[in-house]
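Fold and geometry: a report
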Amino acid sequence: MFKIEDIRKDFPILSRKVHGKPLVYLDNGATSQTPIQVINTIVDYYSNYNANIHRGVHTLSQEATDKYETARYKIQNHFNAKHAHEIILTSGTTESINLVAHGFASLLKKNDEVIVSSLEHHSNIVPWQMLCEKTGAFLKVIPMNDEGDLVMEEYDKLLSKKTKLVFVNHISNALGTINPIKYIIEKGHQVGAAVLIDGAQACPHIKPDVQELDVDFYVASAHKMCGPTGVGMLYGKESWLKKLPPYQGGGEMIAEVTFEKTTYANLPHKFEAGTPNICGGIAFGTAIDYLNNIGFDNIATYEHELLEYATKKLLEIEGLKIYGTSKNKTSVISFNLNGIHPYDVGTILDKLGIAVRTGHHCAQPIMAYYKIPGTVRASFAFYNTKEEIDVLVEGVKKAKMMLS
Ligand SMILES: Cc1ncc(COP(=O)(O)O)c(CNc2co[nH]c2=O)c1O
């Protein structure tokens, strides 16, 4: 196991103050913090080898290209993809999902069915609704239960030969529920459906193996896993990526352009039009190295200790209700204080230096299920401490006293 004090030294931001108090950063579900190793990669790129990639004849361009494509190999190895060209670098999870939804517009037909879960982030709902509007396909929804788990018996009933696509998150950003994606993928494949898994909330905590999962598409954002914002990835099985038309037209994604006809580049460049976030992609690779050096088993063990400790301490506060009590969840706790709006709680916590997220977390269907406007969400990472949880708990007690 790692030494927490050594880990925290990697994160300059954790030493700052907010309203004169030490920052207690518990909004990792929104974005993770950035270790100095990733920051140094960004400084190094812009200081020493910033250049456009893939076509430059000069040394800087070749150095930048080598580093960028090395990052692609790191991402391939991390997710255990069979080929590096199955890794498409995008601006993040949202773009990755939209890329696949755009592609399926040419594959779906009227009355086809697609399945989404109740636990999704809006970025894994809205693109598919747009797809259904465009194609005449029908959106079916896997229901959730009070614990915040998906009801698999209902999923089984939704599946049929009409089902062409299933898209579910690996982990719920609002509740922390870890979904049974292996089962979801296998059952989807039994009826001939393609399955996309939204890994945005999973990748800080879990190291997915896309070949073991046999998933067709897996998406992630670098900023959720200690990388920079504005870069992420789409893994797609080669067979599927070859079926999908290009997402955007422009430079990089072509083989030959004439006014009569344009032919497209091979994978992965068919889906990578224009100048990419070169520095972000390289820094994404550094973030992956950083997390693997700590070890995902160590991260999972430590974060589970934090989750258990925080759950126990918060439930000692009378009138506090936790939403999302699945037996299979990561270090995310959504809660409310009886009769107090989450926004008011979050505002008071901020004054105490504590950063949490309040609101619907871009998961309004979940809030509708619980009949609440939103929650206070504390989301923990491997660089948080039990002492920080104690500060959170005292802050919640203070908010309750002030707002009751
Ligand atoms: C499960 C899930 N899917 C997709 C996204 C979108 O990722 P992006 O394209 O990198 O923005 C998020 C972001 N979740 C959150 C962003 O802020 N608070 C959150 O919980 C997410 O948690």
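Going by the annotation in an unreviewed UniProt entry, the name recorded for the protein chain is Cysteine desulfurase, with Formosa maritima given as the source organism. UniProt's Cofactor (unreviewed entry) comment on the protein chain is quoted here verbatim: "pyridoxal 5'-phosphate". Taken verbatim from the UniProt record of the protein chain, the Function (unreviewed entry) comment is "Catalyzes the removal of elemental sulfur and selenium atoms from L-cysteine, L-cystine, L-selenocysteine, and L-selenocystine to produce L-alanine."

Further remarks concern the overall build of the protein chain. A tally of regular secondary structure across the protein chain gives 14 helices and 17 strands. The C-alpha atoms of the protein chain give 22 Å as radius of gyration, which agrees with the globular expectation for 404 residues (22 Å, within 12%). In the protein chain, which comprises 404 residues, the proportion classed as buried is 55%. The long-range share in the protein chain, meaning contacts at least 24 apart out of those at least 6 apart in sequence, stands at 72%. Separation of charge centres in the protein chain, based on 41 positive and 44 negative side chains, amounts to 3 Å.

Let us now look at the environment of Gly 281. Relative to the helices and strands, Gly 281 resides in helix α10 (residues 278–294). Measuring from C-alpha to C-alpha, the distance between Gly 281 and Ala 71 comes to 6.4 Å, with 210 residues separating the pair along the chain. Once you skip the residues sitting within four places of it in the chain, Gly 281 turns out to touch Tyr 68, Ala 71 and Val 231.

Turning next to the nonpolar core. By size, the foremost hydrophobic cluster in this structure holds 103 residues, and its most contacted members are Tyr 218 and Phe 382. Looking at which element gives the most residues to this core, the answer is α10, with 10 residues. Residue-level mapping places this core at the junction of two domains, with at least three residues from each of domain 1 (4–27 + 296–403) and domain 2 (49–293). Leaving out residues up to four positions away in the same chain, Phe 382 has contacts with Phe 2, Ile 4, Ile 7, Phe 11, Cys 226, Tyr 290, Leu 291, Ile 294, Ile 299, Tyr 302 and Glu 303. Residues Cys 132, Ala 137, Leu 267 and Phe 271 belong to the second largest nonpolar core, which totals 26 residues.

The subject of this paragraph is the packing of helix α12 (residues 342–351) against helix α14 (residues 386–403). Contact geometry of α12 with α14 gives a least axis separation of 9 Å together with a crossing angle of 120 degrees. Judged by the angle between their axes, α12 and α14 are oblique. Every pair of crossing elements has a handedness; the one defined by α12 and α14 is right-handed. Each of Asp 344, Val 345, Ile 348 and Leu 349 in α12 lies in contact with α14, whose residues at this interface are Leu 392, Gly 395, Val 396, Ala 399, Met 402 and Leu 403.

Another aspect to go through is α12. Looking at α12, one finds that the buried residues are Pro 342, Val 345, Gly 346, Ile 348 and Leu 349. One side of α12 carries all its buried residues, which in axial view fall inside an arc of 165 degrees. Next to the buried residues of α12 lie β14 (332–337), β15 (354–355), β16 (357–359), β17 (375–379) and α14.

What follows concerns the layout of surface pockets. By volume, the largest pocket is sized at about 330 Å³. As for the largest pocket, its lining consists of 23 residues, of which Gly 29, His 121, Asn 173, Gln 201 and Lys 224 are closest to the centre. Only α4 (93–104) and β16 provide two or more residues apiece to the lining of the largest pocket. Grouping the constituent residues of the lining of the largest pocket by class yields 4 nonpolar, 15 polar and 4 charged. Domain assignment of the residues forming the lining of the largest pocket places at least three in each of domain 1 (4–27 + 296–403) and domain 2 (49–293). A volume near 210 Å³ is recorded for the second largest pocket. Looking at side-chain class alone, the lining of the second largest pocket contains 8 nonpolar, 7 polar and 2 charged residues.

Turning our eyes to something else, we now look at the site of the ligand. In the vicinity of the ligand there are 15 residues, among which Thr 94, Asp 198, Ser 221, Lys 224 and Arg 377 approach most closely. In the model, a nitrogen atom of the ligand is placed 2.6 Å from a nitrogen or oxygen of the Asp 198 side chain. At a separation of 2.7 Å, a nitrogen atom of the ligand approaches a polar side-chain atom of Lys 224. Contact with the protein chains covers 86% of the free accessible surface of the ligand, which is 490 Å². Placement of the ligand is best described as lying within the largest pocket. In terms of residue class, the shell around the ligand is made up of 2 nonpolar, 9 polar and 4 charged.

The rules behind the values
- Residues numbered from 1 in each chain as written.
- Predicted model: local features only at pLDDT ≥ 70, side-chain atom pairs only at ≥ 80, totals over all residues.
- Heavy atoms only, no water.
- UniProt positions renumbered as here; feature names shortened; annotations may be inferred.
- Helix = DSSP H or I, 4+ residues; strand = E, 2+ residues; numbered from the N terminus.
- Rg over C-alpha atoms; globule rule 2.2 N^0.38 Å.
- Buried < 20%, exposed > 50% of the residue type's maximum accessible area, 1.4 Å probe, protein only.
- Contact = heavy atoms within 4.5 Å.
- Lys, Arg positive; Asp, Glu negative; His and termini not counted.
- Charge placed at Lys NZ, Arg CZ, Asp CG, Glu CD.
- Core = buried A, V, L, I, M, F, W, Y, C linked by side-chain atoms within 4.5 Å.
- Domains from an automatic or database assignment.
- Axes fitted to C-alpha atoms, helices over the stretch in contact; angles between N-to-C directions.
- Parallel < 35°, antiparallel > 145°, perpendicular 65-115°, else oblique.
- Left-handed = near helix turned anticlockwise from the far one by under 90°.
- Arc of directions from axis to C-beta.
- 1 Å grid on protein atoms, 1.4 Å probe; cavity = no way out; pocket = protein on both sides within 12 Å on 5 of 7 lines; lining within 4 Å.
- Points joined across faces, edges and corners; volume = space filled by probe spheres on them.
- Nonpolar A, V, L, I, M, F, W, Y, C, P; charged D, E, K, R; others polar.
- Near = heavy atom within 4 Å.
- Polar contact = N/O pair within 3.5 Å; in protein donor to acceptor, adjacent residues only side chain to side chain.
- Areas by Shrake-Rupley, 256 points an atom, 1.4 Å probe, with all protein chains shown as cover.
- Sits in = over half its atoms within 2 Å of the grid points.

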